[in-house]
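Okay, here's what each chain looks like letter by letter:
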Amino acid sequence: MTQQTDCCIVGGGPAGATLALLLARKGISVTLLEGQKNFERDFRGDSLHSVVMELMDELGLSERLLQLKHTKLDSITIQDSNGFNTVTNFKYLNTQYPYITLIPNQQFIEFIIDEAKRYPNFHLVMGAKVQKLIEEDGIIRGVAYYEEDSWQEVRAKLTVGADGRSSRVRSLANFEPIKISTPVDVVWFRLPRRVDEPEGVLLRTGEGGIIGMADRSEYWQISYIIPKGSYSKLRSLGLKAIQDSVTKLVPELADRIELLQNWNQFALLSVEASRLERWFRPGLLLIGDAAHVMSPFGGVGISYAIQDAIAAANVLIKPLQVGEVNVQQLAAVQRQRDLPTRLIQKYQALVQNQLLTATNVSKPSQLPRLISRLPILRDLPAKLIAFGLWPARLQN
Ligand SMILES: Cc1cc2nc3c(=O)[nH]c(=O)nc-3n(C[C@H](O)[C@H](O)[C@H](O)COP(=O)(O)OP(=O)(O)OC[C@H]3O[C@@H](n4cnc5c(N)ncnc54)[C@H](O)[C@@H]3O)c2cc1C
């Protein structure tokens, strides 16, 4: 079976789903191939930053989006032995959305997909795990996936790989990501949150550890940062050891730590960061994590993935409406997003190293305190996280 479309997008994460919507509303025929049968995912981040909410506003979707169950995060606070320091305060930002909106990834993607489904030129295929690129005369002409005992082909003027950090499209196109060193991994788990506990995101640093706690109303989404590759050692020490390490950093959790009774309650995120030197080939563009895997520090991966989709839509809508897309146009998408992405990755590395320093020396880092005292420094991280450098704005 062969299907013809203007743009074939592989991967229905934040990047692919948003691009599909932005193209479909301009009358471009779009086929979105999602490898999974549904949009249920383990915790993959819930954060929609101000730049994303402004996009939703421009699309006339923000009010309806905010009718979904959500939490508003207006600050990030670090607690170390010096006490509490609010290191990032979104309240001062000059925007209608001076906070991070926390909505589970699944609900956000389903919301965007439902919106795209209003356009008859949008086609979604679930359970379509792309395994081949169709290449003719050095140009990518589409993809193939296997379904019901036969190969299905989708041929397109443009193929977009938005299939995330382990992108199959990226490897099929022979792109080799440049790895950025990340000295840590993250262990995720949840514990109930009491209504009288602080809101927002709390970071606890202390000798031997860092814990991040994100308020999800009824529970805390907790990230325990460990040295890279040390998860199996941690497990070999037994549940009591991890329970003790957590309560050493966050004594308030002692009353519920014993709810963690099984290693199935923990998930390991192998922290990675990387980027591609080139995001495109004739007929093919990579966006989101497929082009640049983001470390979770600052929670900016979703926002950067969506901004890639905005930049791609701005540049490619006209060429897709009138004919073929050329490599200069694909290069223009990368040019708009490459530098902001590289800089935020550097910023993430800086924050990560700073946090690690705070756990390794007896005298905690003075950086958080310094940042909170100088207004110019105080507002910078908030702006950087909420909008990034050179935020992408919808032009069509
Ligand atoms: C544990 C964890 C926590 C995170 N926390 C945050 C956070 O708090 N805030 C934040 O902003 N970011 C966070 N991130 C990063 C964020 O999830 C990513 O940066 C973001 O999802 C990237 O979006 P994307 O659309 O590029 O890729 P993804 O969201 O990874 O979507 C890729 C999609 O492609 C599909 N796919 C894969 N292979 C194929 C194939 N062969 N064929 C068809 N479809 C395919 C997948 O099923 C998936 O739906 C976190 C990541 C992890 C792993």
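Residues numbered from 1 in each chain as written. Predicted model: local features only at pLDDT ≥ 70, side-chain atom pairs only at ≥ 80, totals over all residues.

**Re the environment of Thr-182**
Okay, so step 1: By the element assignment, Thr-182 lies in the loop between strand 12 (178–179) and strand 13 (184–192).
Okay, so step 2: Sequence separation of Thr-182 and Ala-332 is 150 residues, and the distance between their C-alpha atoms is 29 Å.
Okay, so step 3: Once residues lying within four places of it in the same chain are set aside, the contact partners of Thr-182 are Lys-228, Val-271, Glu-272, Ala-273 and Ser-295. (Helix = DSSP H or I, 4+ residues; strand = E, 2+ residues; numbered from the N terminus. Contact = placed C-beta atoms within 7 Å.)

**Quick look at the domain arrangement of the protein chain**
Okay, so step 1: In terms of domains, the protein chain is made up of domain 1 (2–50 + 102–179 + 273–354) and domain 2 (184–269).
Okay, so step 2: For domain 1 versus domain 2, the separation of C-alpha centres amounts to 32 Å.
Okay, so step 3: Each side of the interface is counted separately: domain 1 has five residues, and domain 2 has seven residues.
Okay, so step 4: Looking at the side of domain 1 that touches domain 2 residue by residue, the class counts come to three nonpolar, one polar and one charged. (Domains from an automatic or database assignment. Nonpolar A, V, L, I, M, F, W, Y, C, P; charged D, E, K, R; others polar.)

**Concerning the site of the ligand**
Okay, so step 1: Around the ligand, a shell composed of 35 residues is seen, among which Gly-13, Gly-45, Gly-164, Gly-288 and Gly-301 lie nearest.
Okay, so step 2: Contributing elements (two or more residues each) for the shell around the ligand: helix 1 (14–24), strand 2 (30–34) and helix 8 (301–322).
Okay, so step 3: If you tally residues by element for the shell around the ligand, the top one is helix 8, at four residues.
Okay, so step 4: Residue classes in the shell around the ligand are distributed as 15 nonpolar, 13 polar and seven charged. (Near = placed C-beta within 6 Å.)

**A closer look at the packing of helix 2 (residues 50–58) against helix 8**
Okay, so step 1: Following both chains from N to C, one finds helix 2 and helix 8 inclined at 40°, their axes separated by 9 Å at the closest point. Classed by the angle they form, the pair helix 2 and helix 8 counts as oblique. The element helix 2 and its partner helix 8 pack so that their crossing is left-handed. On the side of helix 2, the interface is formed by Val-51, Val-52 and Leu-55, while helix 8 contributes Ser-303, Ile-306, Gln-307 and Ile-310.
Okay, so step 2: Classifying every residue of the contact of helix 2 with helix 8 by side-chain character gives five nonpolar, two polar and no charged. (Axes fitted to C-alpha atoms, helices over the stretch in contact; angles between N-to-C directions. Parallel < 35°, antiparallel > 145°, perpendicular 65-115°, else oblique. Left-handed = near helix turned anticlockwise from the far one by under 90°.)

**Structural notes on the packing of helix 1 against helix 4 (residues 105–116)**
Okay, so step 1: Running from N to C, helix 1 and helix 4 point in directions that differ by 20°, and their axes come no closer than 9 Å. Judged on the interaxial angle alone, helix 4 and helix 1 are roughly parallel. In the packing of helix 1 onto helix 4, the handedness of the crossing is left-handed. Across from Pro-14, Ala-17, Thr-18, Ala-20, Leu-21 and Ala-24 in helix 1, the residues of helix 4 making contact are Ile-109, Ile-112, Ile-113, Glu-115 and Ala-116.
Okay, so step 2: Among the residues making up the contact of helix 1 with helix 4, the classes are represented as nine nonpolar, one polar and one charged.

**Regarding the pairing of strand 1 (residues 2–10)**
Okay, so step 1: In this sheet, strand 11 (residues 150–161) lies alongside strand 1 in parallel orientation, the contact comprising eight bridges. In the sheet register, Ile-9 faces strand 11, and the bridge partner there is Val-160.
Okay, so step 2: In the classification by handedness, the crossover that spans strand 1, the intervening helix 1 and the parallel strand 2 is right-handed. (Pairing = 2+ DSSP bridges. Right-handed = clockwise from strand over helix to strand, strands pointing away.)

**Examining helix 4**
Okay, so step 1: With twelve residues, helix 4 should cover 16 Å at 1.5 Å per step; its first-to-last C-alpha distance of 17 Å lies within 8% of that length.
Okay, so step 2: Looking at the buried side of helix 4, the elements it contacts are helix 1, strand 3 (47–48) and strand 8 (122–126). (Expected span 1.5 Å × (residues − 1).)

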